[in-house]
Each structure stands twice: as C-alpha cells, then as structure tokens.
Amino acid sequence: YNAEELRDSKRMINPNLIIASAVVYYKEDVIPLIQTLEILLDPESTAGTSGDVVEEPVEALLFLPEFREAMPFFREKLEELVNT
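Residues numbered from 1 in each chain as written. Predicted model: local features only at pLDDT ≥ 70, side-chain atom pairs only at ≥ 80, totals over all residues. Heavy atoms only, no water.

1. Observations concerning the overall build of the chain
When you go through the chain residue by residue, the secondary structure sums to three helices and two strands. Listed by position from the N terminus, the elements making up the chain come as α-β-α-β-α. Expressed as a percentage of its 84 residues, the buried residues of the chain come to 24%. Pairs at least 24 apart in sequence give 69% of the contacts found in the chain among residues at least 6 apart. (Helix = DSSP H or I, 4+ residues; strand = E, 2+ residues; numbered from the N terminus. Buried < 20%, exposed > 50% of the residue type's maximum accessible area, 1.4 Å probe, protein only. Contact = heavy atoms within 4.5 Å.)

Structural data, given as structure tokens:
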C-alpha cells in the first residue's frame, strides 16, 4: 500500500465509480482497503490539469458477501469512513 502512488493514480484516472466484489478476506487487509477507499472516494483529492481541485463525487458499489472472517471489522470501518 502506497498512499502517494494511489493519489497520483487517482489524479491521472479520475474515477467516478468504484465497483468491488469479494475484496475482504483477512482482517489485516481491512485498514489498507479502507485507506484506499478513503483516497478514491475523496472528491478533494482529485486535481485538474491546472492544479485546481475538482470536486466531483465518486460513487462506490460494494458487493459484500454475507460472511468472511474480516467482514464485521470491514463493515465497522466502512461505516466510520462514510459517517465522517
């Protein structure tokens, strides 16, 4: 996980939709995944070519299975991210 590389990629790609399925398996992967979503979902972390901040909302569709070992922890952290 490299936050600066992820921010650079976001600036180049400028995603407006994230689709994820079966991305949570182990508890130790939850925090890096939440940090990734935090960067990708933050409209202020996208700068236009002139360097101006472009505030466009990013939507995420997460298809989460009923149970995986790390799922309760992921749901807790995702709720914290969404409610901040």
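From this point, things continue past the structure.
2. Side note on the nonpolar core
Val24, Val30, Ile34, Leu37, Phe74 and Leu78 are the most contacted members of the largest nonpolar core, which has 14 residues in total. Of all the elements, helix 2 (residues 30-41) adds the most residues to this core, at six residues. Those residues within four positions of Val30 in sequence are excluded, and the remaining contacts are Val24, Ala70, Phe73, Phe74 and Lys77. (Core = buried A, V, L, I, M, F, W, Y, C linked by side-chain atoms within 4.5 Å.)

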